[in-house]
Amino acid sequence: MSDILFQPYRLNKALELNNRILMAPLTRCMADDNLVPTDDMVAYYARRADAGLIISEATIIRPDGQGYPNTPGLFTDAQIQGWKKVTAAVQRAGGKIFAQLWHTGRVAHPYFFGGEDVLAPSAEKVEGTVPRRRELTYVTPKPATLNDIQQLVQDYAQAAANAIEAGFDGVEIHGANGYLIDQFLHHDSNKRSDEYGGSPENMSRFALEVTDAIAASIGWEKTALRISPGAYFNMQGDARDRQVFDYLLNELQNRDLAYLHIGIFDDSMEFDYLGGRASQYVRSRYHKTLVGVGGFTADSASQAIDAGEFDLVAIGRPFIANPDYISKVRNQQDLVTYTDDMLATLV
Ligand code: FNR
């Protein structure tokens with residue numbers, strides 16, 4: 001393994017990372033019933049503060065963004081105060097942390113927010129039931145009106161401002177994995193015929209409006225984005241999605257994100273319409289800081305970074321299994337293998 005992973009990396013004027021390993025965003029469903037981070041979550045994140053950057057578990061921007069039990073929020077004062085404890089503990093230990101901002105769109109469930117409407121680009125429902133709450137069947141969403149969309153953009157920007165108030169070093173917009181922003185970007189979920197659908201420019205509009213509104217609120221150097229050009233989760237791929245992401249990546253190339261992050265579970269997956277792996281596709285069109293993820297070990301990640309495939313790596317499941325992942329890798333110690341039963345406790 002080369003030592004590239006342990007070289008510092010300057011994201012921009014405001015932020016330098018101590019190493020090139022990010023802790024991937026990992027939903028744990030352990031916030032309290034008011035969606036406030038708990039003291040156990042404070043300790044969990046602080047134990048991982050030696051990552052170059054922690055990306056928080058996905059955190060909902062408003063009540064109707066919730067699709068899983070006990071996922072934290074960033075829309076009430078109590079939630080902001082709860083996150084302050086997390087960010088302070090991470091920073092006290094020398095780390096940095098971004099908040100991942102989330103709205104689940106059509107995979108939200110009214111059960112969680114006591115509401116009626118689930119908002120999405122179009123009335124295209126997901127078949128199936130909510131993980132961890134299998135008795136809840138997904139509902140047909142209501143297509144967001146232009147007013148709904150404007151309000152969503154404002155609410156993303158407000159949640160980003162709340163994240164900064166809570167002490168986060170920045171935010172990562174969750175534009176990946178089949179959730180609201182991604183639903184606008186894929187033909188499977190976006191059947192609109194207004195200015196938010198039908199063409200690559202229109203389908204990219206919501207993602208770019210959210211990104212620009214957040215950057216206007218907290219600054220580009222604190223604004224990052226995660227995207228999934230390959231549909232793989234709660235979403236069917238469509239060859240036409242390629243043009244949408246070609247357009248989006250070109251627009252992003254002209255902006256100054258802190259970084260762009262690929263959303264995928266396994267980067268060895270190939271997508272016909274992308275001409276290969278998601279990371280190869282994004283790298284060929286985006287030449288600023290790129291974060292790769294999905295099934296990497298420290299060895300394979302350092303090779304990929306050496307080869308210029310991406311600049312930083314995010315590590316997910318191994319970080320759940322090994323709170324001391326960074327020191328173990330640095331000292332070439334054996335890692336504990338991740339298993340799904342580890343999700344039951346916050347170690
Ligand atoms: C995830 N992943 C994820 N992604 C995201 O953008 N926001 C999230 O909140 C979550 N939550 C989450 C929970 C759990 C339990 C897993 C296993 C995964 C995806 C994650 O960030 C990452 O892309 C994948 O885990 C692939 O990386 P590893 O685990 O192979 O290193």
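Residues numbered from 1 in each chain as written. Predicted model: local features only at pLDDT ≥ 70, side-chain atom pairs only at ≥ 80, totals over all residues. Heavy atoms only, no water.

**A few points about the overall build of the chain**
Counting its secondary structure elements, the chain contains 11 helices and 16 strands. Radius of gyration (C-alpha) of the chain: 19 Å, near the 20 Å computed for a compact globule of 347 residues. Judged by the C-alpha coordinates and their principal axes, the chain covers about 55 × 45 × 40 Å. Look at the contacts in the chain between residues 6 or more apart in sequence, and 71% of them connect residues 24 or more apart. As presented, the chain carries roughly 13300 Å² of accessible surface, and 45% of it is formed by carbon and sulfur atoms. Charge centroids of the chain, computed over 32 positive and 45 negative side chains, lie 3 Å from each other. (Helix = DSSP H or I, 4+ residues; strand = E, 2+ residues; numbered from the N terminus. Rg over C-alpha atoms; globule rule 2.2 N^0.38 Å. Contact = heavy atoms within 4.5 Å. Areas by Shrake-Rupley, 256 points an atom, 1.4 Å probe, with all protein chains shown as cover. Lys, Arg positive; Asp, Glu negative; His and termini not counted. Charge placed at Lys NZ, Arg CZ, Asp CG, Glu CD.)

**As for the packing of aromatic side chains**
Across all of its chains, the model carries 17 aromatic pairs by this definition. Geometrically, the ring pair formed by phenylalanine 184 and tyrosine 196 is edge-to-face, given 6.3 Å between the ring centres and 70 degrees between the ring planes. Residue phenylalanine 184 is found in helix H5 (residues 180–185), and its partner tyrosine 196 is found in the loop between H5 and helix H6 (200–218); the two are separated by 12 residues along the sequence. For phenylalanine 184, a relative accessible area of 0% puts it in the buried group. (Phe/Tyr/Trp six-rings, centres within 6.5 Å; stacked < 30°, edge-to-face > 60°. Buried < 20%, exposed > 50% of the residue type's maximum accessible area, 1.4 Å probe, protein only.)

**Some remarks on the UniProt feature "domain: NADH:flavin oxidoreductase/NADH oxidase N-terminal" (unreviewed entry) in the chain**
Look at the UniProt record and you will see "domain: NADH:flavin oxidoreductase/NADH oxidase N-terminal" (unreviewed entry) annotated at residues 5–333. End C-alpha atoms of residues 5–333 are separated by 16 Å, and the span's content is 35% helix alongside 18% strand. (UniProt positions renumbered as here; feature names shortened; annotations may be inferred.)

**Describing the packing of helix H7 (residues 241–253) against helix H8 (residues 278–285)**
The interhelical angle for the contact between H7 and H8, taken along N-to-C directions, is 45 degrees, at an axis separation of 9 Å. What the angle tells us is that H7 and H8 run oblique. Of the two elements, H7 crosses H8, and the hand of that crossing is right-handed. The segment H7 lies against H8, with Arg242, Phe245, Asp246, Leu249 and Gln253 engaging Tyr281, Val282 and Arg285. Within the contact of H7 with H8, the residues separate by chemical class into four nonpolar, one polar and three charged. (Axes fitted to C-alpha atoms, helices over the stretch in contact; angles between N-to-C directions. Parallel < 35°, antiparallel > 145°, perpendicular 65-115°, else oblique. Left-handed = near helix turned anticlockwise from the far one by under 90°. Nonpolar A, V, L, I, M, F, W, Y, C, P; charged D, E, K, R; others polar.)

**A closer look at H8**
Within H8, burial applies to Ala278, Ser279, Tyr281, Val282 and Arg283. In the core, the buried residues of H8 are packed alongside H7, strand S12 (260–262), strand S13 (270–271), strand S14 (276–277) and strand S15 (290–293).

**A short note on the environment of arginine 47**
Relative to the elements of secondary structure, arginine 47 occurs in the loop between helix H1 (39–46) and strand S4 (53–60). For arginine 47, a relative accessible area of 41% puts it in the partly exposed group. Through-space distance from the C-alpha of arginine 47 to that of valine 90 is 8.0 Å; in sequence the pair is 43 residues apart. Those residues in contact with arginine 47, other than ones at most four positions away along the chain, are Pro323, Leu346 and Val347.

**What about the sheet that holds strand S5 (residues 97–102)?**
Taken in spatial order, the eight strands close into a barrel running S3-S4-S5-S10-S11-S12-S15-S16, and their pairing is parallel. Across the sheet, the axes of successive neighbouring strands diverge by a mean angle of 25 degrees, strand direction being ignored. As paired strands, strand S3 (residues 21–23) and S4 are joined by two bridges and run parallel to one another. Note that in S4 the partner of leucine 22 across the bridge is leucine 53. In the packing of H1 onto the sheet, contacts are made with S3, S4 and S5, and the angle to S4 comes to roughly 150 degrees. Sheet contacts for H7: strand S11 (223–227) and S12; angle to S11, the most-contacted strand, approximately 165 degrees. (Pairing = 2+ DSSP bridges.)

**Focus on the side chain of serine 122**
Within the secondary structure, serine 122 sits in the loop between strand S6 (119–120) and strand S7 (129–130). Within the structure, the side chain of serine 122 is placed 2.8 Å from the backbone nitrogen of lysine 191, a separation counted as a polar contact. With sequence-adjacent residues up to four places away left out, serine 122 is seen in contact with Pro141, Pro143, Ser189, Asn190, Lys191 and Arg192. (Polar contact = N/O pair within 3.5 Å; in protein donor to acceptor, adjacent residues only side chain to side chain.)

**Points about the site of the ligand**
Near the ligand, the surroundings consist of 19 residues, among which Thr27, Arg226, Gly295, Gly316 and Arg317 are the closest. Within the side chain of arginine 226, a nitrogen or oxygen atom sits 2.6 Å from an oxygen atom of the ligand. Starting from 610 Å² of accessible surface for the ligand in isolation, the protein chains cover 92%. In terms of residue class, the shell around the ligand is built from 10 nonpolar, seven polar and two charged. (Near = heavy atom within 4 Å.)

**Focus on the side chain of asparagine 70**
Among the structural elements, asparagine 70 can be located in the loop between S4 and helix H2 (77–92). There is a polar contact of 3.0 Å between the side chain of asparagine 70 and the side chain of aspartate 33. If we ignore the near neighbours within four places in the chain, the residues touching asparagine 70 are Cys29, Met30, Ala31, Asp32, Asp33 and Leu35.

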